[in-house]
Structure formats: C-alpha cells, structure tokens
Amino acid sequence: ETEEGRFIDEIEEMVRWLGYEPYKITFASDYFPQLYQYAVELIRRGHSYVCHERQEDLQGWGKDTPPSPWRDRPTAESLQLFEDMKNGKLKEGEVCLMLDQKSLLF
C-alpha cells in the first residue's frame, strides 16, 4: 500500500471513530477545475498573488513579518505564473499561491 493510501485509510478510520459514516469519499483533485477557477478569480480581484519566497522564509510567518516583495506584482504576471504552475512549467516548491488577507479586510 502506498503512503498516500495509508494516509487516506487513517483519515477514514478517524472519521468512523468519531461516529460518522461518510456517504461519499472525495478528493480535492476531483474538484481541481473548480478550485483552479476560484484561485484565478482571487488573483483577478487582487486578493491573491504568486510568490517566489523560499519555504524557509515563510516559516514563522505572522503579524510581524514584512510583506512579501511579490505582493504587489501585476495581476497579469501572477495569472501567467499561476497558469505556468498548473502546466508544470515551474519546479515544485519554486513558487506558491498566496492569499493577501489584508486585501479581504473591510
């Protein structure tokens, strides 16, 4: 059994232990097209951007962390990079999609 399969089995076991019987088991990948469109819309609205910060630099991220230098990159550039991510043109972990939470505050 693969590591991924064991992980899924353990989640199902925990859910049943809590007294629930799932009527259907789904995976995020089942909804990839819709999730991708949600992400594109967040980028278009200025609530998300593609970030090149290294994973080590993002650890410990919190209130006192300075804003990402990529936060104000042009929307068109983030959209193109996000498309490149989807199409495998960038190495895994090279960039990530970040939610600009401050842009969501009223």
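Since this is a predicted model, take the numbers as computed values, not measurements.

How each quantity is defined
Residues numbered from 1 in each chain as written. Predicted model: local features only at pLDDT ≥ 70, side-chain atom pairs only at ≥ 80, totals over all residues. Heavy atoms only, no water. Helix = DSSP H or I, 4+ residues; strand = E, 2+ residues; numbered from the N terminus. Buried < 20%, exposed > 50% of the residue type's maximum accessible area, 1.4 Å probe, protein only. Lys, Arg positive; Asp, Glu negative; His and termini not counted. Salt bridge = Lys/Arg side-chain N within 4 Å of Asp/Glu carboxyl O. Contact = heavy atoms within 4.5 Å. Core = buried A, V, L, I, M, F, W, Y, C linked by side-chain atoms within 4.5 Å. Phe/Tyr/Trp six-rings, centres within 6.5 Å; stacked < 30°, edge-to-face > 60°. Lys NZ or Arg CZ within 6 Å of the ring centre and 35° of its normal. Expected span 1.5 Å × (residues − 1). Arc of directions from axis to C-beta.

A. Structural context of the side chain of aspartate 84. Topologically, aspartate 84 is positioned in helix α4 (residues 75-86). Buried and unpaired, aspartate 84 has no salt bridge, with lysine 89 as the nearest side chain of opposite charge at 4.0 Å. Beyond its immediate stretch of four places on either side in the chain, aspartate 84 contacts Lys89 and Leu90.

B. View of the nonpolar core. Tyr36, Ala39, Val40, Ile43, Val50, Leu81, Phe82 and Val95 form the largest nonpolar core, which has eight residues in total. Going through the elements one at a time, α2 (32-44) and α4 are the ones with two or more residues in this core. Among the elements that take part in this core, α2 stands out by supplying four residues, more than any other. Beyond its immediate sequence surroundings of up to four residues, leucine 81 is in contact with Val50, His52, Arg73 and Leu90.

C. Structural context of the packing of aromatic side chains. Evaluation of the coordinates by the stated rule reveals two aromatic pairs. Aromatic pair tyrosine 36 and phenylalanine 82: ring centres 4.9 Å apart, planes at 5°, arrangement stacked. Of the two residues, tyrosine 36 is situated in helix α2 and phenylalanine 82 in helix α4; the sequence distance between them amounts to 46 residues. Comparing tyrosine 36 with phenylalanine 82, the two get one shared label, buried. Ring-pair connections join several aromatic residues into one group, and the members of that group are Phe32, Tyr36 and Phe82. Over the aromatic face of tyrosine 36 sits the side chain of lysine 86, whose NZ or CZ is 4.7 Å from the ring centroid.

D. Local environment of α2. In this model, α2 (13 residues) spans 18 Å end to end at C-alpha, consistent with the 18 Å of a helix rising 1.5 Å per residue. Taken as a whole, α2 has its buried residues at Tyr36, Ala39, Val40 and Ile43. The buried side chains of α2 occupy one side of the element, clustering within an arc of 100° when seen end-on. For α2, the secondary structure elements touched by its buried residues are β1 (48-51), α4 and β2 (96-99). Looking one or two places after α2, you find glycine 46, whose phi comes out positive at around 80°.

Purely geometric stuff here, so don't read any function into it on its own.
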